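Residue-level listing of the chains:
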Amino acid sequence: MSLDELFTSPQIAKRLGVTRQAVDQMVERGELPEPVGRSGRTRFWNAADIELALAGSDPATGRPATPRWDTVTAPEVPLRLEVDEVLTVPGLFAVTAPQVHVRIWRGPIGGTRRTVVLYGAIAESHGIIVNYAESIARTIAARHLSVGEARTAWWFSLWPRGFPRPELKVQYVSFAFPRSSGGGLLDTLLRRGSKDAWTGEFEQPVWQTVTPDTLARILGTTPDLDYPPGTYTAAVVRDLAQGRRPARVDYDPNNLEAALREITALHAYRSALLAGTRSQSTLPALELLTSEGTVHDGARLAEVFGIAVQALLPGALIAAEQYDSQQATEDRGAHLVERYFYEPSTAERDLLDRYEALPGNRELTAGAVQRALHLLRDLHGPLADRAEAQASDSDPQLTAAVATAIPELVSIQHLLDPALVDDPGPSPQFIGELGVAETAYLDTISWWGPAQRDAHREAALRGHMWTKDLAGARSGYDPFGRLVLHNPTTGTLVVEQPRALPATPYADDAVILGTPGAMTAFVLLPDGRCDILATDPRYHYEDIAWGYDGSGPETFARALSFAVLAHPDPQRPLTLEDRPAETAERLLTATSQGPAQQEAFILHVDGLRGTKA
């Protein structure tokens, strides 16, 4: 056993700020454990045992006992705020490195030292408090705490007002501290190491809600907690820490400004198209929309833009009403943050009123919405390509408006006719392990491209590749016009997985193939082509798997029901639940109880359909 893992009674006395005699009395009363050995007259304790005892931890689990908050003693002098910063949490899988607001108070109380850690879910990284609590605690401890202090501190998390509920929430977080195999964790102070080298363990956090008043009593002071909804951001935290109070922010969490820009762009193009205008300096994409060879006439396109405005209108109206209401109501958090709400211009308000007052504004039909969806999707590709190339006839506002309106129209279509299946377009799928299925698919690719009009599609596929896979990646098209990226050196493949019914039903002698871990299935057709099995767009999950009971095999069964079996009305395909019970059971059995998860999947279409002789 290393001496670095041991405490002597003088060290314990210094740690507690008491005499050696008081340490002996605490051992006699059972408040501290018995020593684990001695050398001459010097007794030794495991440092970890002492820290756990001081924290009131359960020796079996290493979890500190939850204090009785109604009896917690308030400090005679408020604890001192020693840390107030936005801290980046490294090593987490995220698009941007997540951050938390960290505050640490320290101070003496009752002959001991109290440390309180409060970490808050700032707007940029709300979810990580739950999903990565242990990683957050390790990062805070490595930067600011010794092992002993990390174990004895009281840890709290802060959920700001407005997320995930209207009222703020403060929770006590209890971490378990299991022992290491060496008999106890090293105390950073004893081994004189760097806090950045902290290697302590946090496991299985448990949350207990406490009131803000309880936290204030523990600290002896009232901390800043009641941030107005949507304002608990890194910038606000830094302003307050530097004494700029109240912090001032431009407030537009519902993106009203962007919505109004998009509605204005759609309206301007709609008016020009209705007037028969073919070019206008303020509408750079107008000539592209009206050029020869486009499949849409001006009147039809104007109608679609009007429908797109109607899809965006409710969100903008609700945002404007909410802002008006919040501005008229005194916010109890205004002493911390002063919000400057986005204020629509007179022209923008007039435009909202104009569209809201249109007769029949709320009476869109499923057919009109479906036609608008198809046209907007056709239009979005050329607009995105022009924006990607930064061409003179590109219009970022119109492109953004079309992209925003599409999912809103999908939602409206589902409300008007839930049985109507919309084609949401392909979903990029990353495949890192190539098997027989992927090899058969690659043999059918024409390796040229991308076409100029598909620059945005290639960018979407490249976004699913690791950096090491980008150099040397080639692009091409499969026999069905889908764009493909493949790196022959690393073996990485990214495909456009369809979310629509096949244009032609599969032949009975087609074969469905799948490679373990690929999460994508392929269909080998008798004419030599290889298709990608479409997944049902009515369900959130797209990744397929097999050989166990879970969401992957169920998604696979739904894909087989959707893409392989016949439908009386292709516009309204049957779901798995719509199928006869024996058919649904056959599909679920084939995917969950067929080949093992680590084995390749192979299924003959005629057997799946029950037509095999």
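Not measured: the values here are computed from a predicted model. (Residues numbered from 1 in each chain as written. Predicted model: local features only at pLDDT ≥ 70, side-chain atom pairs only at ≥ 80, totals over all residues. Heavy atoms only, no water.)

Colleague: What am I meant to see in the overall build of the chain here?
Modeller: Helix and strand counts for the chain come out as 21 helices and 19 strands. Counting the 613 residues in the chain, one finds 48% classified as buried. Pairs at least 24 apart in sequence give 69% of the contacts found in the chain among residues at least 6 apart. For the chain, the exposed area adds up to about 29700 Å²; of that, 51% sits on carbon and sulfur atoms. (Helix = DSSP H or I, 4+ residues; strand = E, 2+ residues; numbered from the N terminus. Buried < 20%, exposed > 50% of the residue type's maximum accessible area, 1.4 Å probe, protein only. Contact = heavy atoms within 4.5 Å. Areas by Shrake-Rupley, 256 points an atom, 1.4 Å probe, with all protein chains shown as cover.)

Colleague: How should unusual backbone geometry be read in this particular structure?
Modeller: Across residues other than glycine, the phi torsion is negative in most instances, and most of the peptide bonds are trans. In this model, arginine 245 is joined to proline 246 through a cis peptide bond whose omega is 0 degrees. Assignment of secondary structure puts proline 246 in the loop between helix H9 (234-241) and strand E10 (247-251). Going from glycine 449 to proline 450, the amide bond is cis rather than trans, its omega being 5 degrees. For proline 450, the location among the structural elements is in the loop between helix H16 (436-442) and helix H17 (455-462). For asparagine 255, which is not a glycine, the phi torsion comes out positive at approximately 55 degrees. Mapped onto the fold, asparagine 255 is located in the loop between E10 and helix H10 (256-274). Positive phi, close to 65 degrees, is recorded for methionine 519, a residue that is not glycine. You can see methionine 519 is positioned in the loop between strand E16 (511-514) and strand E17 (521-524).

Colleague: What is the right way to read the pattern of salt bridges from this model?
Modeller: Side-chain pairing between opposite charges can occur once the charged atoms of the two side chains come close. Using the criterion set out here, one finds 31 salt bridges in the structure. Here arginine 529 and aspartate 527 are joined by a salt bridge, their closest N and O atoms 2.9 Å apart. Sharing partners across several salt bridges, the network here consists of Arg161, Glu167, Asp226, Asp331, Arg332 and Arg339. (Salt bridge = Lys/Arg side-chain N within 4 Å of Asp/Glu carboxyl O.)

Colleague: Help me understand the sheet that holds strand E12 (residues 427-431), please; the structure alone is not making it clear to me.
Modeller: Spatially, the four strands line up as an open sheet ordered E12-E15-E14-E13, and their pairing is antiparallel. On the outer flanks of this sheet lie E12 and strand E13 (474-477), each paired with one strand and no other. The mean inter-strand angle of the sheet, taken between neighbouring strand axes irrespective of direction, is 20 degrees. (Pairing = 2+ DSSP bridges. Axes fitted to C-alpha atoms, helices over the stretch in contact; angles between N-to-C directions.)

Colleague: What exactly am I supposed to notice about the side chain of histidine 101 here?
Modeller: Tracing the sequence through the fold places histidine 101 in strand E5 (residues 99-109). Exposure remark for histidine 101: the relative accessible area of 2% places this residue in the buried category. Among the polar contacts made by the side chain of histidine 101, one reaches the side chain of aspartate 84 at a distance of 2.7 Å. Setting aside residues no more than four positions away along its own chain, histidine 101 makes contact with Asp84, Glu85, Val86, Leu118, Tyr119, Gly120, Ile122, Tyr227, Tyr232 and Val237. (Polar contact = N/O pair within 3.5 Å; in protein donor to acceptor, adjacent residues only side chain to side chain.)

Colleague: Would you take a moment to explain H9 for this structure?
Modeller: Since one α-helical turn is 3.6 residues long, residues separated by three or four positions face the same way. All buried positions along H9 are accounted for by Ala234, Val236, Val237, Asp239 and Leu240. In the core, the buried residues of H9 are packed alongside strand E4 (80-88), E5, E10 and strand E11 (337-341). Positive phi shows up at glycine 243, right after H9, with a value of about 90 degrees.

Colleague: What should I look at first to understand the sheet that holds strand E7 (residues 154-159) in this one?
Modeller: Pairing between sheet strands relies on hydrogen bonds along the backbone, with the strands arranged either parallel or antiparallel. Pairing is mixed in the open sheet, where six strands are placed in the order E4-E5-E6-E7-E8-E9. One side of each edge strand has no neighbouring strand; the edge strands of this open sheet are E4 and strand E9 (203-210). Ignoring strand direction, the axes of neighbouring strands in this sheet form an average angle of 25 degrees. Here nine bridges tie E5 to strand E6 (residues 112-120), and the two strands are oriented antiparallel to one another. Bridging from a neighbouring strand, arginine 106 pairs with threonine 115 of E6. On the sheet, H9 packs against E4 and E5 and is oriented at approximately 155 degrees with respect to E4.

Colleague: Help me out: how do you make sense of the packing of helix H12 (residues 298-328) against helix H15 (residues 396-416) in this one?
Modeller: Pairs of packed helices are described in terms of their axes, by the angle between the two and the distance that separates them. Two elements in contact, H12 and H15, have axes separated by 8 Å at closest approach and are oriented at 70 degrees. Viewed along their axes, H12 and H15 adopt a mutual orientation that is roughly perpendicular. Contacts between H12 and H15 involve Phe305, Ile307, Ala308, Ala311 and Leu312 on the former and, on the latter, Leu398, Ala401, Thr404, Ala405, Glu408, Leu409 and Ile412. Counted by class, the contact of H12 with H15 contains ten nonpolar, one polar and one charged residues. (Parallel < 35°, antiparallel > 145°, perpendicular 65-115°, else oblique. Nonpolar A, V, L, I, M, F, W, Y, C, P; charged D, E, K, R; others polar.)

Colleague: What am I meant to see in the confidence of the model for the chain here?
Modeller: Parts of the model with low pLDDT should not have their predicted coordinates read in detail. Per-residue confidence for the chain gives a mean pLDDT of 85, with 89% of residues at or over 70. The least confident element of the chain is helix H7 (residues 188-191), whose mean pLDDT is 32; the most confident is strand E18 (residues 530-532), at 96. The model gives residues 179-197 a pLDDT under 50, and that stretch makes 43 contacts with residues more than four places away or in other chains. (pLDDT = per-residue confidence, 0-100.)

Colleague: Could you clarify how one ought to interpret the nonpolar core in this entry?
Modeller: Most often, soluble globular proteins keep nonpolar side chains buried together rather than apart. If you look at the biggest cluster of nonpolar residues, it comprises 49 residues, and the most contacted ones within it are Leu256, Leu266, Tyr269, Phe305, Leu376, Leu398 and Leu409. At the level of elements, H10, helix H11 (286-290), H12, helix H13 (346-356), helix H14 (366-388) and H15 are the ones that each hand at least two residues to this core. The element best represented in this core is H12, accounting for 15 residues. Apart from residues no more than four positions distant in its own chain, phenylalanine 305 is found in contact with Leu266, Tyr269, Arg270, Leu273, Leu289, Leu376, Leu379 and Leu398. (Core = buried A, V, L, I, M, F, W, Y, C linked by side-chain atoms within 4.5 Å.)

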